[in-house]
Amino acid sequence: EDQVTQSPEALRLQEGESSSLNCSYTVSGLRGLFWYRQDPGKGPEFLFTLYSAGEEKEKERLKATLTKKESFLHITAPKPEDSATYLCAVRGDSSYKLIFGSGTRLLVRP
Amino acid sequence: GAVVSQHPSWVICKSGTSVKIECRSLDFQATTMFWYRQFPKQSLMLMATSNEGSKATYEQGVEKDKFLINHASLTLSTLTVTSAHPEDSSFYICSAQTGTRGDTQYFGPGTRLTVL
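Keep in mind the model is a prediction, meaning the values are calculated, not measured.

Chemist: Where do I start with the sheet that holds strand E7 (residues 67-73) of chain B in this structure?
Modeler: Strand pairing in a sheet takes place through backbone hydrogen bonds and is either antiparallel or parallel in direction. Residues and elements named next belong to chain B. If you walk across this open sheet you meet the 4 strands as E1-E3-E8-E7, and the pairing is antiparallel. Two strands in the sheet have a free side with no partner beyond their single neighbour: strand E1 (4-7) and E7. Strand-to-strand, the axes of this sheet are offset by a mean angle of 15 degrees, without reference to chain direction.

Pasting the structure below:
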């Protein structure tokens, strides 16, 4: 059964304090791993799609990496506006559905 | 690029009435659209999947006669909550998929439904 586990559940950082969010997954035939950012009362905002182990993508202060078992979302020198819930999801060969993790709630204090 | 809109962004209705929510892909054609429901502090729960011109596929436990989905074109899908009750109050989010490699889903801003 396809499964996604995100950790930590919540993370508090000081502005400028870099850290990483983890997304561990099990899936039969990875078709894509997706990172989204969700602000309260809004729909998820697309960040990255990763397709194969070793792939990395960057956007501003965010960098996503992928191995065969997990993905990391690295946040470098975060700012308060980076505060949000970060969702990880996977799609495998056996299904058209996205399997979501429970998310990591990030709070960046000024 | 890859912008998805939803209308309305919020709606309040009386118990027993029906409510229609529209989901549009503004700058791309969506081969597939999805409807999710999200409860406070929980992740997204897939309700149904729709392809243009085909009947929607509903997830187990989702009443297809209550949540009517119509995918009239490659840029528009609608969700109608029929005979709404207070327990249907929730945050409804749609997504659209382009069909390219990896099948990235792009999400709309969501619709907050409150049934009195």
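Chemist: Could you clarify how one ought to interpret the pairing of strand E9 (residues 84-92) of chain A in this entry?
Modeler: In regular strands, side chains alternate between the two faces of the sheet. All names here are of chain A. Along E9, 8 of the 9 residues are buried, which leaves the element largely enclosed by surrounding structure. Sheet topology places strand E4 (residues 30-38) next to E9; 8 bridges connect them, and they run antiparallel. Bridge pairing in E9 places Gly-32 opposite Arg-91. Bridge count for E9 against strand E11 (residues 104-109) is 3 bridges, and the pairing is antiparallel. Opposite Thr-85, over in E11, you have Arg-105 as the bridge partner. As defined by bridge partners, E9 adjoins strand E10 (residues 99-100) across 2 bridges and the pair is classed as antiparallel. Its bridge partner being in E10, Val-90 is matched across the sheet by Ile-99. Linking E9 back to E10 in an antiparallel pair, the connection comprises 6 residues.

Chemist: Any chance you could explain the sheet that holds strand E8 (residues 70-75) of chain A here in plain terms?
Modeler: Residues and elements named next belong to chain A. Pairing is antiparallel in the open sheet, where 5 strands are placed in the order E1-E3-E8-E7-E6. The sheet is open, and its two edges are formed by strand E1 (3-7) and strand E6 (56-59), each paired on a single side. Across the sheet, the mean angle separating the axes of adjacent strands is 15 degrees when strand polarity is ignored. Pairing between strand E3 (residues 19-26) and E8: 6 bridges, direction antiparallel. The partner of Leu-21 across the bridge, within E8, is Leu-73.

Chemist: Where do I start with unusual backbone geometry in this structure?
Modeler: Outside of glycine, negative phi angles account for most residues, and trans bonds account for most peptide bonds. For the bond running from A:Ser7 to A:Pro8, omega is -10 degrees, close enough to zero to count as cis. Tracing the chain through its elements places A:Pro8 in the loop between E1 and strand E2 (10-14). Cis geometry is found at the peptide bond from B:His7 to B:Pro8, where omega equals 0 degrees. Of note, B:Pro8 is situated in the loop between E1 and strand E2 (10-13). Phi at A:Glu60 takes a positive value of approximately 55 degrees, unusual for a residue other than glycine.

Chemist: Would you explain the nonpolar core in this entry?
Modeler: Side chains of a nonpolar character, in soluble globular proteins, are inclined to be buried together. Of all hydrophobic cores here, the largest spans 25 residues; its most connected members are B:Val4, B:Trp35, B:Phe67, B:Leu79, B:Tyr92 and B:Leu113. When residues no more than four places from it in sequence are discounted, the contact partners of B:Leu113 are B:Val11, B:Cys13, B:Val19, B:Val81, B:Asp88, B:Ser89, B:Ser90 and B:Tyr92. Counting residues in hydrophobic clusters, the runner-up holds 22 residues, among them A:Phe48, A:Ala84, A:Tyr86 and A:Val90.

Rules and cut-offs
Residues numbered from 1 in each chain as written. Chains lettered and ligands numbered in written order. Predicted model: local features only at pLDDT ≥ 70, side-chain atom pairs only at ≥ 80, totals over all residues. Heavy atoms only, no water. Pairing = 2+ DSSP bridges. Helix = DSSP H or I, 4+ residues; strand = E, 2+ residues; numbered from the N terminus. Axes fitted to C-alpha atoms, helices over the stretch in contact; angles between N-to-C directions. Buried < 20%, exposed > 50% of the residue type's maximum accessible area, 1.4 Å probe, protein only. Core = buried A, V, L, I, M, F, W, Y, C linked by side-chain atoms within 4.5 Å. Contact = heavy atoms within 4.5 Å.

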